[in-house]
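Here's the letter readout for the chains.
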Amino acid sequence: MIGIGKTAFGAFPDRDIRSLAVEAIGNAIEDSSVRPGRIEAFYLGNFAGPSFVGQNHLAPYIGMAAGLSPGIPCTRIEDACASSGSAFFHAWQSVAAGIYDVALVAGVEKMTSQPTPKVTEILAGAGDMSGEGLAGATFPALFAMIARRHMYQYGTTREHLAAVAVKNHANGAKNPLAHMRKVVTLEQVLAGKPIAEPLTLYDCSLVSDGAAALLLAPLDRAHEFTSRFVRVLGVAQTSDHVPLDQKDDITTFGAVRTAGEKAYAMAGLGPRDIELAELHDCFTIAEIVASEDLDFVAKGDGGPFAAAGCTAINGKIPINTSGGLKSKGHPVGATGVGQICDVVMQLRGDAGERQVARHRTGLAQNLGGSGATCVVTILGVR
Amino acid sequence: MSGLRDPGDGAVYTETVVWAPPQAYAADAPYQLAIVDLDAGNRLTGRIIDSRVRIGDRVRFFEYRNGVAYFRKS
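Residues numbered from 1 in each chain as written. Chains lettered and ligands numbered in written order. Predicted model: local features only at pLDDT ≥ 70, side-chain atom pairs only at ≥ 80, totals over all residues.

## Details of the overall build of chain A
Okay, step 1: What chain A contains, in helices and strands, is 14 helices and eleven strands.
Okay, step 2: Here the C-alpha atoms of chain A give a radius of gyration of 19 Å, agreeing with the 21 Å that 2.2 N^0.38 yields for 382 residues.
Okay, step 3: With the C-alpha coordinates of chain A rotated into their principal frame, the extents come out at 55 × 45 × 35 Å.
Okay, step 4: Counting every position in chain A, which comprises 382 residues, the buried fraction comes to 65%.
Okay, step 5: Taking contacts inside chain A between residues at least 6 apart in sequence as the whole, the part at least 24 apart equals 77%. (Helix = DSSP H or I, 4+ residues; strand = E, 2+ residues; numbered from the N terminus. Rg over C-alpha atoms; globule rule 2.2 N^0.38 Å. Buried ≥ 20, exposed ≤ 12 C-beta atoms within 10 Å, placed from the backbone. Contact = placed C-beta atoms within 7 Å.)

## Examining the environment of A:Leu214
Residues and elements named next belong to chain A.
Okay, step 1: Take Leu-214: it is sitting in strand β7 (residues 209-216).
Okay, step 2: With 30 C-beta atoms counted inside 10 Å, the residue Leu-214 sits in the buried group.
Okay, step 3: Considered as a pair, Leu-214 and Ile-340 are 126 residues apart in the sequence and their alpha carbons are 8.6 Å apart.

## Observations regarding the interface of chain A and chain B
It is common to report an interface's size as the accessible area lost on association of the parts.
Okay, step 1: Taken together, the contacts link 26 residues of chain A with 25 residues of chain B.
Okay, step 2: Among the secondary structure elements, those contributing two or more residues to the side of chain A that touches chain B are α5 (116-124), α6 (132-135), α7 (139-154) and β5 (194-196) of chain A.
Okay, step 3: Among the elements that line the side of chain A that touches chain B, the one with the most residues is α7(A), at seven residues.
Okay, step 4: Of the residues contributing to the side of chain A that touches chain B, the split by class is 15 nonpolar, four polar and seven charged. (Nonpolar A, V, L, I, M, F, W, Y, C, P; charged D, E, K, R; others polar.)

## Quick word on the sheet that holds strand β3 (residues 74-77) of chain A
All names here are of chain A.
Okay, step 1: Across the sheet, five strands lie side by side as β1-β7-β4-β2-β3; this open sheet has mixed pairing. Edge positions in the sheet fall to β1 (3-6) and β3, since each has one partner strand and no second. Ignoring which end each strand starts from, the neighbouring axes of this sheet average 15 degrees apart.
Okay, step 2: Two strands pair when backbone bridges link them, and strand β2 (residues 41-45) and strand β4 (residues 103-110) are joined in this way by five bridges, in the parallel orientation. When the sheet's bridge partners are listed, Tyr-43 is paired in β4 with Val-105. (Pairing = 2+ DSSP bridges. Axes fitted to C-alpha atoms, helices over the stretch in contact; angles between N-to-C directions.)

## Some thoughts on unusual backbone geometry
Okay, step 1: The amide bond that connects A:Glu197 to the next residue, A:Pro198, takes the cis arrangement and shows omega of 10 degrees.
Okay, step 2: Inspection of the secondary structure puts A:Pro198 in the loop between β5 and β6 (199-200).
Okay, step 3: With an omega of -5 degrees, the peptide bond running from B:Ala29 to B:Pro30 counts as cis.
Okay, step 4: Mapped onto the fold, B:Pro30 is located in the loop between β1 (10-18) and β2 (31-38).
Okay, step 5: Its identity as a non-glycine residue notwithstanding, A:Asp295 has a phi of 65 degrees, on the positive side.
Okay, step 6: Not every positive phi belongs to a glycine, and A:Asn320 is a case in point at roughly 60 degrees.

## Brief notes about the nonpolar core
Residue and element names in this part refer to chain A.
Okay, step 1: Counting residues in hydrophobic clusters, the biggest one holds 149 residues, and the most contacted among them are Val-105, Ala-106, Ala-213 and Leu-214.
Okay, step 2: No other element matches α7, which puts nine residues into this core.
Okay, step 3: When residues no more than four places from it in sequence are discounted, the contact partners of Leu-214 are Met-1, Gly-3, Ile-4, Ala-28, Val-105, Val-337, Ile-340 and Cys-341.
Okay, step 4: Membership of the second largest hydrophobic core comes to five residues, among which are Phe-9, Ala-178, Met-180 and Leu-206. (Core = buried A, V, L, I, M, F, W, Y, C linked by C-beta atoms within 7 Å.)

## Topic: the sheet that holds strand β10 (residues 361-368) of chain A
Residue and element names in this part refer to chain A.
Okay, step 1: Strand order across the open sheet formed by four strands is β8-β11-β10-β9, with mixed pairing between neighbours. A single partner strand is all that each edge strand has here, and the edge strands are β8 (231-239) and β9 (276-278). Averaged over neighbouring strand pairs, the angle between their axes works out to 15 degrees when direction is ignored.
Okay, step 2: Looking at chain direction, β10 and strand β11 (residues 373-380) are connected through eight bridges and run antiparallel. The partner of Asn-366 across the bridge, within β11, is Val-375.
Okay, step 3: Packing against the sheet, helix α4 (residues 83-96) makes contact with β8, β10 and β11, and its axis sits at approximately 60 degrees to β11.

## Things to note about the packing of helix α1 (residues 17-32) of chain A against helix α3 (residues 58-65) of chain A
Residues and elements named next belong to chain A.
Okay, step 1: Taken N-terminus to C-terminus, the directions of α1 and α3 make an angle of 55 degrees; their axes are 9 Å apart at the nearest point. By the criterion of interaxial angle, the relationship of α1 to α3 is oblique. Both α1 and α3 take part in a crossing whose hand is right-handed. The residues of α3 that touch α1, namely those facing Arg-18, Ala-21 and Val-22, are Tyr-61, Ile-62 and Ala-65.
Okay, step 2: Of the residues contributing to the contact of α1 with α3, the split by class is five nonpolar, no polar and one charged. (Parallel < 35°, antiparallel > 145°, perpendicular 65-115°, else oblique. Left-handed = near helix turned anticlockwise from the far one by under 90°.)

## Topic: the pairing of β2(B)
Residues and elements named next belong to chain B.
Okay, step 1: Bridge count for β1 against β2 is eight bridges, and the pairing is antiparallel. Its bridge partner lying in β2, Thr-14 is registered against Ile-35.
Okay, step 2: Note that β2 and strand β3 (residues 43-49) share six bridges and pair antiparallel. What sits directly across from Ile-35, in β3, is Thr-45.
Okay, step 3: Between β2 and the antiparallel strand that follows it, β3, lie four residues; Gly-41 among them carries a positive phi value of about 115 degrees.

## Considerations on α3(A)
Residues and elements named next belong to chain A.
Okay, step 1: Buried within α3 are the following residues: Leu-58, Ala-59, Ile-62 and Gly-63. Buried residues in α3, looked at end-on, bunch into an arc of 115 degrees, giving them a common side.
Okay, step 2: Taken together, the buried residues of α3 touch α1, β2, α2 (49-52) and β3.
Okay, step 3: In the segment just after α3, Gly-67 is the residue with positive phi, at about 85 degrees. (Arc of directions from axis to C-beta.)

## Topic: the domain arrangement of chain A
Residues and elements named next belong to chain A.
Okay, step 1: When the domains of chain A are assigned, the result is domain 1 (3-114 + 209-224) and domain 2 (136-201 + 230-380).
Okay, step 2: The interface of domain 1 with domain 2 comprises 32 residues on the first partner and 29 residues on the second.
Okay, step 3: Looking at the side of domain 1 that touches domain 2, the elements that each hand over two or more residues are β1, α4, β4 and β7.
Okay, step 4: Tallying contributions element by element places α4 first for the side of domain 1 that touches domain 2, with seven residues.
Okay, step 5: Taken together, the residues of the side of domain 1 that touches domain 2 sort by class into 19 nonpolar, nine polar and four charged. (Domains from an automatic or database assignment.)

Here is the structure:
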């Protein structure tokens, strides 16, 4: 990883999807000092540009505007909220296989130009629209059903869920690129407007605009571009059924568990070696379930673990020091690459007042839909 | 509705009440959704009518409306 670049996440009525992506790509190019002409392939993660802003054919549309060479492949990848995690995985494969020396990965989403009910409808398309979607299951509803079952099986409480929101808002309030830089209290979260019981507005991530980008090169050439490169120690992408009612146990994400196992094995590391993590907190319950599936804590104990402060910046395993999707924002297609950029900032020691004390190894976990795609990436510095 | 089989009865595996619906179901909210463990062995996502249900409650299939199974507490 030889360069990273992000835009702020937020609601930007004056910005279009192309200008957001071009800004993030420009920042990544500047960070790495790679000339745009050296880039040999471009992978773009985007969930629903065609639905949100009516624009298809996004990869060359953005790639050419960013000054990439017309002679290279520009490809858009869609895997719901894991679109840019998936784009990263495919770019990494190409570089690791020796096909390209410099590959660009970006993610972008422009969501705030649509009214909330329309956004809810477009997002529901990441589920099974012939089954759960037809019945009226929104994404908050699917994760609410996961939360209910987790509460039933493991005794997780409403306060445990709220603790995740409080912690992530506290972190995001210190992140200059976060969408909602606002501290919230436990009482505010519990009294929040109901969205899908037991989840309130404060359990849900934000509808945001934004983009993130990064550049990859083979390890033996990384020093040609920067002295501050970060190594990809392990990465895996996995899949599962799209409809929630086809999973045996909805209190665990099989795709997360498997992606974690594969990434840990590739890195030759275990969960105790990870010093910070960005987890996919599209809803508060999702962070709790992922922290269990990645073995940071035993199955069922994720709620009390979060409520005890173990996942805070100064905790046992700091989770979502960026503020997470909850406070930093969740421009769906940008989220996977955005998480990786946030881990890289911590590993380089560039996270400012959010900087964690030990930062040699970090993990990013990007989830698509209600668990049908997962990408886990483990990064490290020497 | 023709083509859809009666799923039979079952028990609530999980449930939620939706307060923020997608555009198409704005008039229905709040409504209760459940994943039902059918006695036939599989699971089905459907709507609950009449009184609210909790995990473990027995439910009886009522009817299909626009391809969606509706259940009620038995």
